[in-house]
Structure formats: C-alpha cells, structure tokens
Amino acid sequence: MGLFARGITLKAVVPTASHLASPLPPQVVLPLKQTIGAPAEPCVAPGDTVAAGALIARAPEPASVPVHTPFSGTVKEIGEVLTAQGTAGTAVTIEGDGTDTAPAPPDPELDARDPEELISRIREAGIVTPGLMPRSVAAELSPGEQPTTHLTVTHRPIVKAIDTLIISALDAEPLLMVNRVLAQSPQEHLAAGVAALRAITRAGKVIIVVDGPAPQLRDLAASDERETTTVVSRSARRYPLALPIPLIKAVTGREVPLPYGHPRDVGVALFDLATTCAIGAAVTARRPQTEIMITVGGGALTTTGVMTVKIGTPITAVLEAAGGYAADPAKLVVGGPLTGMAHYDTAVPLTKEVTGLFALTAREITLTAGYRECINCGRCVAVCPVNLVPGMLSLYCAKERFDAAAHQGLLTCIECGCCDYVCPSRRPLVHLFRHAKHQLREGASS
Ligand code: SF4
Ligand code: SF4
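Residues numbered from 1 in each chain as written. Chains lettered and ligands numbered in written order. Predicted model: local features only at pLDDT ≥ 70, side-chain atom pairs only at ≥ 80, totals over all residues.

Peer 1: Where do I start with the nonpolar core in this structure?
Peer 2: In a soluble, globular protein the nonpolar side chains are often hidden away together inside. With 121 residues, the main nonpolar core has Ile-122, Ile-166, Ile-294 and Val-318 as its most contacted residues. A total of eight residues in this core trace back to one element, the largest contributor, which is helix H7 (residues 273-285). Built from parts of two domains, this core gets at least three residues from each of domain 1 (113-285) and domain 2 (370-445). In this structure, Ile-166 is in contact with Ile-207, Val-209, Leu-247, Ile-248, Val-251, Val-268 and Leu-270, ignoring residues within four places of it in sequence. (Core = buried A, V, L, I, M, F, W, Y, C linked by C-beta atoms within 7 Å. Buried ≥ 20, exposed ≤ 12 C-beta atoms within 10 Å, placed from the backbone. Helix = DSSP H or I, 4+ residues; strand = E, 2+ residues; numbered from the N terminus. Domains from an automatic or database assignment. Contact = placed C-beta atoms within 7 Å.)

Peer 1: Sorry, what's going on with the site of ligand 2 here?
Peer 2: Taken together, 15 residues sit near ligand 2, with Cys-374, Cys-377, Cys-380, Gly-391 and Cys-423 positioned nearest. Where the shell around ligand 2 is concerned, the elements lending two or more residues are helix H9 (379-383) and helix H10 (390-398). Across the shell around ligand 2, the residue classes tally to eight nonpolar, five polar and two charged. (Near = placed C-beta within 6 Å. Nonpolar A, V, L, I, M, F, W, Y, C, P; charged D, E, K, R; others polar.)

Peer 1: Got a minute to help me understand the pairing of strand E9 (residues 88-96) in this structure?
Peer 2: Pairing of strand E3 (residues 27-31) with E9, which is carried by five bridges, proceeds in the antiparallel orientation. What sits directly across from Pro-31, in E9, is Ala-91. Pairing analysis gives nine bridges linking strand E8 (residues 73-82) to E9, with the strands arranged antiparallel. Paired with Glu-77 across the two strands is Thr-93, which belongs to E9. Linking E8 to E9, which pair antiparallel, is a turn of five residues; within it Gly-86 sits at a positive phi near 85°. (Pairing = 2+ DSSP bridges.)

Peer 1: Honestly, unusual backbone geometry in this entry has me stumped. Any pointers?
Peer 2: It is generally the case that most residues other than glycine have a negative phi and that most peptide bonds are trans. Residue Tyr-239 is joined to Pro-240 through a cis peptide bond whose omega torsion reads 10°. Tracing the chain through its elements places Pro-240 in the loop between strand E13 (238-239) and helix H6 (244-252). Of note in this structure, Arg-202 is not a glycine but carries a positive phi near 60°. Summarising the element assignment, Arg-202 is placed in the loop between helix H4 (190-201) and strand E11 (205-210). C-beta crowding within 10 Å serves as the criterion here: with 12 such atoms nearby, Arg-202 is assigned to the exposed category. In this structure, Arg-426 takes a positive phi of about 55° despite not being glycine. By the element assignment, Arg-426 lies in the loop between helix H12 (418-422) and helix H13 (429-445).

Peer 1: Which parts of the structure should I look at to understand H6?
Peer 2: Taken as a whole, H6 has its buried residues at Pro-244, Ile-245, Pro-246, Leu-247, Ile-248 and Val-251. Summarising the contacts, the buried residues of H6 are in contact with strand E10 (164-168), E11, strand E12 (229-233) and strand E14 (268-272). Gly-253 sits one or two positions beyond H6 and adopts a positive phi of about 80°.

Written as structure tokens, this is what we have:
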C-alpha cells in the first residue's frame, strides 16, 4: 500500500467563530529557546523597562528566532524554567504595566516583490512553524540555511526549485480548529502573507486546502489573474492527512523522502493559515510574533474554543480565562491530544509553536500505567500511514534495542499517534518511539 493511504477517521470538532477572552497575566515568562535551533541571547537585564513589541533576545544563528515582549513592563529576572517543549531552559520574565499596544513601526511600507527584504522582515519578526519541531520560518524560506537532503542510494544531494506553494486551512489534528476558524472570516494580513510567500518561493502555482467555507481564500484564488491558484477540499476528520508530509502527498501526489526529507525536496513550500497571516503582518506592519492563537479544549474545562494568547502566558492563566475546570482533569496536554505533550506543571509558559491546550478527563485518555503485552492483533499495522510495524518496533524500544528499531524504520515514524489510538493493549507506542529517537540522537551526538 502506498504511503499515507492508511490512518484513522475521527470526529472533528466543529469550528466555532466565537473566541474565548484572552488572558492578561501580570507577568509573562519568555523562554529563549523557541525553535529547534540555539536559544536566543538576551539583550536586556533585570530592572530594564521595555515597551510592547520590544526585542528582548537576539537570534544567534539562522535556525533560531529573536524574542519580543508582548507587553510593556520591567524585566524582573532571567532564570531557568520548564518549557512547553518539556525541557529546562533560560527565560526572561517581564512584569507588565498594563500596556500591550506596540508603537507604530517607523516604516511599514514595502516593495512586496523583493524576496530578500521580505525574508529579512520575517526573520526580524521571529516567526516559527507550529508543532512539536518548531523551526524558524525565515530559515525555512532560505534553503541555503537548511541541511540538504541526500538520496539514500546514491548520496547525491536533492536540490529542487519550489514550484508549488500550499496554504493549508486545515489543522494538524481533528480536535484543533484555529486554521478552520481563521478561514471563516476575513483576515487583515492573509493576502499580504500569500503574496510574500509567492514572491519568496517563486512558486508557479498555489494550492489552498480547505475544509468548509473559506470565503476569503476562495476570493483570493478567484482574483488570481494568472489562474494559477486552486482551492481543494479535504476532510478535517481524516488523520494524519493534515500533517505536512501526508498533506503534500494528498494534494500533489509527491512523496517527501523519509526519514530526513523536507517539502522542498519535492518542490513544495507549505504553510498553515495562521503562519501565513503572521507572515503578512510581519512584512506589511513589521509586527513581531508576540501572540499565538490556540485551541483550548478537553472535557475537564468549562468552555472550549479558540483563544489568542500572549507568548509567555502560563498554562494556569489560560485555564482561568477558559472558566476553569468543570470536572477533574486527568491530563494536561500542550498541543493536540494526539501529538501534544503532557504537562504537570501549570506554570509552564506557552511558546510560539503551541497550537492547543487540552485538559482531559480520565475518560478521554488512555492510562498507560497498566498497559499490557502486545497481542499481535495487527491493528497498529493497519493504521500506520508510513507502513511500519509499530507493535514490533515498540518491543525493540522497550528492550532498549534502539539500533534494531532504527533498522526496522523507527526514524521514518512521523509520531502521528494513530497506532497508540487503536492499540487494545494500551501500549504507549509513541512515547516509546520518542524515547528511542532521543536516545539515538544522544548516542549520535556523544
Ligand atoms: S506514530 Fe509512527 S508508528 Fe505509530 S502510526 Fe504514526 S507513523 Fe506509524
Ligand atoms: S495494536 Fe497494540 S496489541 Fe495490537 S499489534 Fe499493535 S502494539 Fe500489539
């Protein structure tokens, strides 16, 4: 069976255009590591006063992003915190003074056709891709700053021009809904974001992927005089269709080489709607990324919906803004319920890559503490989109035979969680795979 033909069909949450009130915490904690690159380097010190939108840390390398404060205030301290990525890292704490309006930029005008200027503004804004492996968008748009993929057999580098730009109004998981909500109403910076991405990538055609009504996106396609923009519909219920590599296969038929491939290896650049709007705001209004829109959900919460959150806001402030708990939470997940990361400390601040926060009840989660032996039922095999044998891989990983797991394709696992979802023995498959990959990386770097 071809790659990504498998997967699961879930009940998708119906997107609602009503936004939950945003929290305004008295202080934000801004981790300096916001991507898989090196942490940013602070350019403020305790006691300094900062204006909303001011730069507080510079990016030391292209894979990093600068960090800006979402509100005015005073730098309280620079210290270690636990981050949403599950690791300890340095963060700058800003005590707010109640002002979150950034001063107008000095020069918002721009010749929207100069790719270098466009990338420079995206870099200054510090925009990151959403999800578990956050990357600098500016670096993603500068192929020279990315490692080159090599063909496995001949070891020749893959160097391909981008011919297709995909703008996705789907969310990574069926229970996330930010992109689908954004698609329902006009977005001020959407057209500028698409134009900037088109100018930078020089893509000959644009494919916009939607599920449901998306009037502005359809108008955008209809107004393309060159008739090179198309809108295609895909179901938000099908999972993991909306993850980048399966989505590229679904709408172009092209297979990104796994395990280390990148969309550009098949001539594609892909961005979701929220990132495209952030890019538009960066290139037209020079607006730094200081806010994210997330899905807040789970049966333990009083209300669910989408919420705009300042980066650095602690989990606890988001839970309070959502009305608090309606039932006992058994698990807090940062990200989507299928691919997110469980957290136990509600002081953890949300960073730029976060897409959701879920407070799940005991009925909504799989309690892995009592997981059982694999019964070789094959359900995980039937759903794995990259044709692995997850049950067998989990046995290698549990016995710490990481090289054997890698030999059996562990590194091509996209960590979608479909196998976890269907396993009747409730084996923590993705947890085992992530741990094994981490051990392999540690081994490679030691
Ligand atoms: S998490 Fe990995 S092994 Fe499991 S179904 Fe997804 S790709 Fe396959
Ligand atoms: S679904 Fe679970 S029990 Fe069945 S083969 Fe896979 S790991 Fe084993």
